[in-house]
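Descriptive structure summary
This is what each chain is made of:
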Amino acid sequence: MAKSISEQEVASVRLLTLELSEDEITVLAAALSTLLQECDDRAIKAKAGASRDEVEAILQDLHTFLQQSSHQSMRG
C-alpha cells in the first residue's frame, strides 16, 4: 500500500514523495495506458486533471522505472 514519505511546496507546486511497490506502479501504468487508449483529450483532462502529453510523459517515466527495476533484479 502506498505510503506518503514527505511533502513540500516548490514554486507553487505541491511535490509528494511516495513509497510504492513495483506492483502498485504496474497497476498505475496500466490504468494510465487504458485512459490514453479509451479517452479523447477532453476526457483525459477531465479524469486525470492533466493533458494527454502530461499523462503520456508520466506513463513513460513509469515504464522507464519498471524497466530499470527489472534490469536491476536480473543482475542482483
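What comes next concerns the included structure. Each residue is numbered by its place in its chain's sequence as written, counting from 1. Given that this is a predicted model, residues contribute local features only at a pLDDT of at least 70 and side-chain atom pairs are listed and counted only at 80 or more, while totals for whole chains, interfaces and linings are drawn from all residues. The side-chain quantities take in all heavy atoms of the structure and omit both hydrogens and water.

1. Observations regarding the pairing of strand S2 (residues 13-19)
- Sheet topology places strand S1 (residues 3-10) next to S2; 7 bridges connect them, and they run antiparallel. Residue Gln8 lies in a different strand from S2, and its bridge partner there is Leu15. Strands were regarded as paired on the criterion that DSSP finds at least two bridges between them. By the criteria applied, helices consist of DSSP H or I runs no shorter than four residues and strands consist of E runs no shorter than two, each listed in order from the N terminus.

2. Some remarks on helix H3 (residues 52-75)
- With 24 residues, H3 extends 35 Å between its outermost C-alpha atoms, agreeing within 8% with the 34 Å of an ideal straight helix rising 1.5 Å per residue.
- Listed in full, the buried residues belonging to H3 are Val55, Leu59, Leu62, Leu66 and Ser69.
- It only takes one pair of heavy atoms within 4.5 Å for two residues to be counted as in contact. Looking at the buried positions of H3, the neighbouring elements they touch are helix H1 (22-38) and helix H2 (41-48). Residue count minus one, scaled by 1.5 Å, sets the expected span of a helix. Residue exposure (1.4 Å probe, protein chains only): buried if accessible area is under 20% of the type maximum, exposed if over 50%, otherwise partly exposed.

3. Thoughts on the nonpolar core
- The set of buried Ala, Val, Leu, Ile, Met, Phe, Trp, Tyr and Cys residues whose side-chain atoms join them within 4.5 Å is what this entry labels a nonpolar core. Ranked by size, the top nonpolar core spans 12 residues in total: Ile25, Ala29, Leu32, Leu35, Leu36, Cys39, Ile44, Ala50, Val55, Leu59, Leu62 and Leu66.
- Counting residues per element, the ones that place at least two in this core are H1 and H3.
- At 5 residues, the largest contribution of residues to this core is made by H1.
- Residues within four places of Cys39 in sequence aside, it is in contact with Ile44, Lys47 and Arg52.

4. Things to note about the pattern of salt bridges
- The term salt bridge refers to a side-chain nitrogen of Lys or Arg lying within 4 Å of a carboxyl oxygen of Asp or Glu. Summed over the entire model, instances satisfying the criterion amount to 2 salt bridges.
- Residue Glu7 pairs with Arg14 through a salt bridge whose shortest N-O separation is 2.7 Å. Per residue, the accessibility class of Glu7 equals that of Arg14, and both read exposed.
- The salt bridge involving Asp41 is made with Arg52; its shortest N-O contact spans 2.5 Å. On the criterion of sequence distance, the pair formed by Asp41 in helix H2 and Arg52 in helix H3 is long-range, its members being 11 residues apart.
- Residue Asp41 is classed as partly exposed on the basis of its relative accessible area of 47%.

5. Some remarks on a nonpolar patch on the surface
- Patches draw on residues past 30% relative accessible area with no salt bridge. Two like charges within 9 Å are joined, as are two nonpolar side chains (Val, Leu, Ile, Met, Phe, Trp, Tyr) within 5 Å. Surface exposure here means Shrake-Rupley accessible area, sampled with a 1.4 Å probe, where a residue is shielded only by the protein chains that are shown. A cluster of nonpolar side chains, namely Leu16, Leu18, Leu20 and Leu28, defines an oily patch on the protein surface of about 330 Å² accessible area.
- By the element assignment, Leu16 lies in strand S2.
- In this structure Leu16 comes out as partly exposed when scored by relative accessible area, which is 44%.

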